[in-house]
Amino acid sequence: MKYFQKFKGKVRWFLLFYLFAFLPFCADATSTLHNLDITVLLDDNGDAYITEVRRMTIDSRGTELYIVIGNLDSDSRVDRLNVRDEMGVNFRDIGKWEEKFDRKWKTYKCGIIEKRNGYELCWGLGSSGERIYTTSYVITNVARAYQDYDGFNFMFVATGLNPSPQSATITISRKDGQPLPQEATKMWAFRFHGDIHWVDGKVVARAEDGLSSEDGMIIMLQLDKGILHPSIKEDDKFETLKEKAFDGSDYGNSDFDLDLETIFYLLLFLVFLPITVTIYVVYVWWNKRKVTKDLLWYRDLPFEGSLFRSNQVINAYQYIGNDYKNLISALVLRLLSIGALRIEEHDVEPSAFKKMMGAKPQRMRLIAIYPLIDNGKTKDMALLKKLHAIFLKASGNDAILQPNELTQWMKGHTSEVDPFMNSLKQNRSISNCNKDWDNTRSVFGMKKFLEDFTLANERHVTELGLWKEYLVFAELFGIAKQVRKDMMHINPEYLNMDQALQQLSNENNTMLLTAYTLSGFRQYNTTKAAEAARSSGSGGHSSWGGGGGFSGGGCGGGIR
């Protein structure tokens, strides 16, 4: 035991010695690239004057930094390499770089290694610690003249950069100081998670959360003719380059080429537009007059209760466009009527700031999400399931939809809403509806019946389920407020005999439901419009996929 205690003491001293001896190395374990800021100035002839600023913490490992610039055409080259550090010391360009030498030899030196179809721009790390390296160089013929536009698809940051930057920014502008004309310039970004926007006449791409080893930064810029005058003229169209880049991306090509044939048909359409509109309005008016002539009340549910089929008829006989707002609201009320949604009071925690100020949980009426049970009798079940899933996902783990929670969720999940919206938009023509004459007239007959509900004096209706459906269809027809009032006037005691009917007949509840829902879908429409603008080159978040056909970049770079 005595020997063990003595041995234990020696081990303790050994561990302390090991800890203090190697602590400096542990504290300075890895080099870090805090920020990578790249400025690209486009010359009139298509050359790119590029400056890269790296703010780094350097450890004792490695001897040099290097930038990979590959995938260059034979008519592009890199020259005028210049490197300086945070003290303003300009590194000496030795021309052909020698990778084999040590760190001391490489200090304050820079050079270029020529590869088969590109270059490596290299410079010495120098001393460890907090460093700033500013590297500038010129790549000739980056922007090229295509048959339809001028522009480029170029990788400015290669994949596999080590260390990966914690944030990265690319700013593109003209070398002559003039702003890029926004209306004549389109932009897209690939292979990183971030965005690309206009800032004071410049194109700015940001990856504020940094890049992983798999990320790169590809920027595609399309310029109208006359902004630049590139020296290299391509035999192909820029649209071909764009198609390659869009392949595998989440951009959708929403542009169309305004060639002479397209312009001709567009002008022809504008000439005949007033005549076409007049003929169409008369056609709709005549058919609607015919389908509603001598119309009687229809007390049963049209299309056996299908809101979707009924809305198809409503849209077919509208003069302008198609509307799905009332259909969405009616589907929401049907979820309420079958108990899949309920309005309940819950405690809502105040924000962290309000809690610090002494605020307490507030009692609020919220939407609770319950399981959707398919009994085989409820119509539009496929749509109801999709809508119910949207509510459930937006509500999070507690299945309670907080104020603005649906709206916030819609901002980043349009692709999950698309199947539901696409299902709504299966429209029918007037001629198709006329072939299904009885069902078509039943839709308008039901609307007439609900509009005249007090005249019908439906005191004999004893099936509460039908009254619930009447309220749901009233929402589809846009007359729910009137029908609720009529029901209260005819037989108010009916409305207190069923929990779901009570919630449906409560205007505050239905207004809460429809307000939450429609604000969410308004956000969806806004986001989709932004997505369309983004795909057409107006900026927005980048696409991690796609970007094929790029020049520049490659794989590698950083410390070695």
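Refer to the structure printed above.
Below: a short report on this structure. (Residues numbered from 1 in each chain as written. Predicted model: local features only at pLDDT ≥ 70, side-chain atom pairs only at ≥ 80, totals over all residues. Heavy atoms only, no water.)

Describing helix H15 (residues 480-490)
Heads up, the condition is: Only protein chains enter the accessibility calculation, which uses a 1.4 Å probe. A residue is then buried if its area is under 20% of the maximum for its type, exposed if over 50%, and partly exposed in between. Put simply, DSSP marks the helices as runs of H or I at least four residues long and the strands as runs of E at least two long, and each gets a number from the N terminus on. Think of the arc as the fan of directions from the helix axis to the C-beta atoms.
For H15, the set of buried residues is Ala 480, Val 483, Arg 484, Asp 486, Met 487 and Ile 490. The arc enclosing the buried residues of H15, seen along the axis, measures out at 160 degrees, which places them on a common side. Within H15, the exposed residues directed more than 90 degrees away from the buried face are Lys 481, Lys 485 and His 489.

Observations concerning the packing of helix H5 (residues 307-316) against helix H6 (residues 325-337)
Going by this rule: The angle between two axes is taken between their N-to-C directions and runs from 0 to 180 degrees, where each axis is a line fitted to C-alpha atoms and a helix contributes only its stretch in contact. The scheme is simple: roughly parallel for angles under 35 degrees, roughly antiparallel for over 145, roughly perpendicular for 65 to 115, oblique for anything else. Less than a right angle of anticlockwise turn of the near helix away from the far helix marks a crossing as left-handed, whereas a clockwise turn marks it as right-handed. Any two residues whose heavy atoms approach within 4.5 Å at even a single point are treated as in contact. All residues other than Ala, Val, Leu, Ile, Met, Phe, Trp, Tyr, Cys, Pro, Asp, Glu, Lys and Arg, Gly among them, are scored as polar; the first ten of these are nonpolar and the last four charged.
At a minimum axis distance of 10 Å, the contact between H5 and H6 shows a crossing angle of 160 degrees. Here H5 lies roughly antiparallel to H6, going by the angle between them. Two packed elements cross with a definite hand, and for H5 against H6 that hand is right-handed. Between H5, through Leu 307, Phe 308 and Asn 311, and H6, the contact on the second element is made entirely by Leu 327, Ala 330, Leu 331 and Arg 334. Taken together, the residues of the contact of H5 with H6 break down into five nonpolar, one polar and one charged.

Looking at the side chain of Ser 337
Rules: Each polar contact in these results corresponds to two N or O atoms within 3.5 Å; when the atoms are within protein, one needs to be able to donate a hydrogen and the other to accept it, and residues that are neighboring in sequence are counted only if both atoms are side-chain atoms.
Its location among the elements puts Ser 337 in helix H6. For Ser 337, the side chain forms a polar contact with the main-chain oxygen of Arg 334, separated by 2.7 Å. Every residue in contact with Ser 337, bar those within four places of it in the chain, is listed here: Lys 468, Glu 469, Val 472, Ala 500 and Leu 504.

Points about the pattern of salt bridges
So the rule is basically this: Salt bridges are defined by distance alone: a side-chain nitrogen of Lys or Arg within 4 Å of a carboxyl oxygen of Asp or Glu.
Taken as a whole, this structure holds 26 salt bridges when the rule is applied. One salt bridge connects Lys 106 with Glu 64, and the closest N-O pair in it is separated by 2.4 Å. Taken together, the positions of Lys 106 in helix H2 (residues 103-106) and Glu 64 in strand E3 (residues 64-69) put the pair 42 residues apart, joining distant regions of the chain. Classification of Glu 64 as buried rests on a relative accessible area of 0%. Each member of the salt-bridge network shares a partner with another, and the members are Glu 64, Glu 99, Lys 106, Lys 115, Glu 120 and Arg 560.

Quick notes on the nonpolar core
The cut-off we apply is this: In these notes, a set of buried Ala, Val, Leu, Ile, Met, Phe, Trp, Tyr and Cys residues joined through side-chain atoms within 4.5 Å is what counts as a nonpolar core.
Leu 331, Phe 420, Leu 424, Leu 450, Tyr 470, Phe 477 and Phe 521 are the most contacted members of the largest nonpolar core, which totals 72 residues. Setting aside anything within four residues of it in sequence, one finds Phe 521 in contact with Ile 328, Leu 387, Ile 390, Met 410, Val 417, Phe 420 and Met 421. Counting residues in each nonpolar core, the second largest holds 54 residues, with Leu 72, Val 78, Tyr 137 and Phe 154 among its members.

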